[in-house]
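The lines below spell out each chain.
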Amino acid sequence: MSIAENIARVRANIAAAAREAGRDPGEVTLVGASKMNDAPACRAAIAAGIDALGENRVQEMTAKLAEHAYDGAPLHFIGHLQRNKAKQVVGNVRLIQSVGSPELLEEIEKTAGKLDIVQDILLEVNIGEEEAKSGFAPAALLSGAETALKKEHVRVLGLMTIPPAEASREENLQYFDKVRALFLDMNEKLFHNGLQVLSMGMSGDYEDAVRAGATMVRVGTAIFGSRHYT
């Protein structure tokens, strides 16, 4: 199937899942996770009406920016961002979804301040509390959000999460529910219910994520096909 056909199928699945949950399908933003897909693939997704594209790797993102691969759609950074690479991302993307430490927050603030911009971000929640994964532990999330609120050049739009890869579907659903509960709690306590973005769900679980309340899903393989790692 073509990229356009895949996007249409994913959108239909999102719509069905949203309606099952009594939600408006229009509430869900579809981000095409374009890692390891070239500029023509990105352009095909944009032509087919993808809401945004998301990149995981700074070097790949920079190369495709030079090719104008993302012209016509917002660009998000959705992968692990090292502090020493923040300056290559801040100001070049609409949204950084993967901000998971006070140190990275500070680096983004510093870089955005030099550019005199406000960088939109999501706070990443390490919901499985995995040692090898970045993100705020659930118990540290409110503290991280309070730190972000003090920054002049950073604006928090919501939360992002990636459940443990080995989780069963039942466990995944529990993780999604926990992150939504954290989102609602943080939104009420610190943001006066002004947060709008809950990014969770990928190719294998985006429908369950929508049923659990996701307002943004990051879909790669189901749109672009299998990635071929070397």
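Values in this document were obtained by computation on a predicted structure and should not be read as measured data.

Asks: Got a minute to help me understand the overall build of the chain in this structure?
Replies: When helices and strands are counted, the chain shows nine helices and eight strands. For the chain, whose C-alpha radius of gyration is 17 Å, the value lies close to the compact-globule estimate of 17 Å for 230 residues. Taking the principal axes of its C-alpha atoms as reference, the chain extends roughly 45 × 40 × 35 Å. Within the chain, the proportion of its 230 residues that are buried is 50%.

Asks: Explain the nonpolar core here, please?
Replies: Here is a general trend for soluble globular proteins: nonpolar side chains tend to be buried in one another's company. If you look at the biggest cluster of nonpolar residues, it comprises 64 residues, and the most contacted ones within it are Leu30, Ile96, Leu123, Leu159, Met186, Val217 and Ile223. Apart from the residues within four sequence positions on either side, Ile223 is in contact with Ile3, Asn6, Ile7, Val10, Leu30, Gly32 and Ile50. Val31, Ala52, Leu122 and Met216 belong to the second largest nonpolar core, which has seven residues in total.

Asks: Could you clarify how one ought to interpret the environment of Val90 in this entry?
Replies: Positionally, Val90 belongs in the loop between α4 (86–89) and β4 (95–99). The exposure class assigned to Val90 is buried, which follows from its relative accessible area of 2%. Residues in contact with Val90, not counting those within four places in the same chain, are Ile96, Ile108, Thr111, Ala112, Leu115, Ile117 and Gln119.

Asks: Looking at this structure, I do not really get the pattern of salt bridges. What am I missing?
Replies: Working definition: two side chains of opposite charge can pair if their charged atoms are close together. One pass over the full model with this rule turns up 12 salt bridges. Between Glu60 and Lys64 there is a salt bridge, and its shortest N-O distance comes to 2.9 Å. Of this pair, Glu60 and Lys64 both sit in helix α3 (residues 58–66), separated by four residues, roughly a single helical turn. Judged by its relative accessible area of 17%, Glu60 falls in the buried class. With a closest N to O distance of 2.5 Å, Lys151 and Glu106 form a salt bridge. Of this pair, Lys151 sits in the loop between α6 (141–149) and β6 (154–161) while Glu106 is found in helix α5 (residues 102–115), placing the two residues 45 residues apart along the sequence. Overall, the relative accessible area of 18% leaves Lys151 in the buried class. What you see here is one network of salt bridges that share partners, running through Glu20, Arg169, Asp208 and Arg211.

Asks: Would you explain the pairing of β4 in this entry?
Replies: Burial of β4 is extensive: five of the five residues sit out of reach of the surface. The sheet contact formed by strand β3 (residues 75–77) and β4 spans two bridges and is parallel. In the strand pairing of β4, His76 is matched with Leu95. Relative to strand β5 (residues 119–125), β4 runs parallel, the two sharing three bridges. Across the sheet, Ile96 pairs through a bridge with Ile121, a residue of β5. Between β4 and its parallel partner β5, the chain crosses via α5, and the hand of that crossover is right-handed.

Asks: Sorry if this is basic, but what is going on with the side chain of Lys151 here?
Replies: There is a polar contact of 2.5 Å between the side chain of Lys151 and the side chain of Glu106. Residues contacting Lys151, with those up to four places away along its chain left out, are Glu106 and Glu109.

Conventions used here
- In every chain, residue numbers begin from 1 and rise along the written sequence.
- The predicted nature of this model means local features are confined to residues of pLDDT at least 70 and side-chain atom pairs, given and counted, to a pLDDT of 80 or more, with totals for whole chains, interfaces and linings taken over all residues.
- Only heavy atoms go into the side-chain values, all of them from the structure, while hydrogens and water stay out.
- Here a helix means four or more residues in a row that DSSP labels H or I, a strand means two or more in a row labelled E, and each is numbered from the N terminus.
- We compute the radius of gyration from the C-alpha atoms alone; for a globule the expected value is 2.2 Å times N to the 0.38, where N is the number of residues.
- Only protein chains enter the accessibility calculation, which uses a 1.4 Å probe; a residue is then buried when its area is under 20% of its type maximum, exposed when over 50%, and partly exposed in between.
- Working definition of a nonpolar core: buried Ala, Val, Leu, Ile, Met, Phe, Trp, Tyr and Cys residues. They are joined through side-chain atoms within 4.5 Å.
- Whether two residues are in contact is decided by their heavy atoms: any pair within 4.5 Å suffices.
- Salt bridge, as used here, is a side-chain nitrogen of Lys or Arg placed within 4 Å of a carboxyl oxygen of Asp or Glu.
- Note on pairing: two strands pair once DSSP finds at least 2 bridges between them.
- We call a crossover right-handed when, viewed with the strands running away from us, the connection from the first strand over the helix to the second turns clockwise.
- Each polar contact in these results corresponds to two N or O atoms within 3.5 Å; when the atoms are within protein, one needs to be able to donate a hydrogen and the other to accept it, and residues that are neighboring in sequence are counted only if both atoms are side-chain atoms.

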